[in-house]
Amino acid sequence: MGDAPAIELNQVTVRHGKRTVLDIDDLRLTDERIGLIGANGSGKSTLLRCLNGLVTPSSGQVRVDGLDTAQSIRQVRRKVGFVFQDPEAQIVMPTIAEEMDLGLKAQRLPSSVRRERMADALQRFGLQGREEDSAHLLSGGEKRRLTLASIFAMHPDILVMDEPTIMLDLPGRRQFRRMIDPLPQRVLIATHDLELLEGFQRVLVLDDGRIHADGSPRAAIEAYLDLVDAREAAA
Ligand SMILES: Nc1ncnc2c1ncn2[C@@H]1O[C@H](COP(=O)(O)OP(=O)(O)OP(=O)(O)O)[C@@H](O)[C@H]1O
Ligand SMILES: [Mg+2]
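Please read these numbers as outputs of a predicted model, since none were measured by experiment.

J.: What is the right way to read the site of ligand 1 from this model?
T.: By nearness alone, every residue bordering ligand 1 is listed as His16, Val21, Gly38, Asn40, Gly41, Ser42, Gly43, Lys44, Ser45 and Thr46. Looking at which element gives the most residues to the shell around ligand 1, the answer is helix 1 (residues 44–50), with three residues.

J.: Honestly, the sheet that holds strand 4 (residues 59–64) in this entry has me stumped. Any pointers?
T.: Strands belonging to one sheet form pairs held by backbone hydrogen bonds; the direction of such a pair is parallel or antiparallel. Spatial strand order, 2-1-4-5: four strands in an open sheet with antiparallel pairing. Among the strands making up the open sheet, the edge pair consists of strand 2 (19–29) and strand 5 (67–68). Of the pairings in the sheet, the one linking strand 1 (residues 7–16) to strand 2 comprises nine bridges and is antiparallel in character. Directly across from Leu9, in strand 2, lies its bridge partner Leu27.

J.: When you look at the nonpolar core in this model, what are you seeing that I'm missing?
T.: Proteins that are soluble and globular tend to have nonpolar side chains buried together. Ranked by internal contacts, the top residues of the largest apolar core, which has 54 residues, are Leu36, Leu51, Val83, Ala121, Ala149, Val160 and Leu188. Of the residues forming this core, the biggest block, five residues, is contributed by helix 6 (residues 140–152). In this structure, Ala121 is in contact with Met100, Ala149, Phe152 and Ala153, ignoring residues within four places of it in sequence.

J.: Is there a simple way to think about the packing of helix 4 (residues 96–106) against helix 6 in this case?
T.: Relative orientation and spacing of two packed helices are given, respectively, by the angle between their axes and the distance between those axes. With their axes 8 Å apart at the nearest point, helix 4 and helix 6 run at an angle of 35 degrees to one another. When the axes of helix 4 and helix 6 are compared, the crossing they make is right-handed. Residues Ile96, Glu99, Met100 and Gly103 of helix 4 form the contact with helix 6, whose participating residues are Leu146, Ala149 and Ser150. Partitioning the contact of helix 4 with helix 6 into residue classes produces four nonpolar, two polar and one charged.

Reading the values: the criteria
Residues numbered from 1 in each chain as written. Chains lettered and ligands numbered in written order. Predicted model: local features only at pLDDT ≥ 70, side-chain atom pairs only at ≥ 80, totals over all residues. Near = placed C-beta within 6 Å. Helix = DSSP H or I, 4+ residues; strand = E, 2+ residues; numbered from the N terminus. Pairing = 2+ DSSP bridges. Core = buried A, V, L, I, M, F, W, Y, C linked by C-beta atoms within 7 Å. Buried ≥ 20, exposed ≤ 12 C-beta atoms within 10 Å, placed from the backbone. Contact = placed C-beta atoms within 7 Å. Axes fitted to C-alpha atoms, helices over the stretch in contact; angles between N-to-C directions. Left-handed = near helix turned anticlockwise from the far one by under 90°. Nonpolar A, V, L, I, M, F, W, Y, C, P; charged D, E, K, R; others polar.

By themselves, these figures tell us nothing about what the structure is for.
Set out below in structure tokens:
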């Protein structure tokens, strides 16, 4: 760990119509575990989507390992694995094995390597032996594990996840945490699940598209709570 490529944002804005939904001066992300918190609509998903070119900045640059996401989208997507908030939006194939193989085939890996990667990822995320099961009949938590396994199998350098624990019960959230803790990748997570951020190196608080606070989980969560209190008092 520690040698995953850096993520850099320089003078980035994202505008929709007249509205600026993201406005970030300079940001360099090199920590192993990074959280992103903030109110609904504060720009978390927009920021994450900038990291693998799902959203192109209206101005400024986003670079992953020095590659501009607007120009080198294919290379950037090999480095940045993106786990969507909604597993339903990510799962497209009928069975677990076919879903896992989709990304691996796209990387043109030989079948022996694909088999190894698949077996390792299924084992890691507790889906071993279920290769032929219907992907669409899995429970919500199992679908989440399948999406993690299929992205992990592609061996990205960075894992970006948008609200990954949103549908999980307490045991499921704990299990998710145990799954991500040993991963060698840099992990970036946007979440409303503040407990998930315990032990992270760095947490950013977004407010109206801007970085309101940036620090340890404890300091960032405190800043977020103060912000929410201040907003409530002003309302
Ligand atoms: N394609 C789009 N067109 C217009 N507005 C958009 C588009 N995408 C995002 N927005 C707006 O940008 C703002 C930030 O959205 P974003 O999804 O990044 O918020 P978020 O912090 O992820 O919120 P949540 O916690 O609800 O997931 C929202 O007000 C949203 O309506
Ligand atoms: Mg979001």
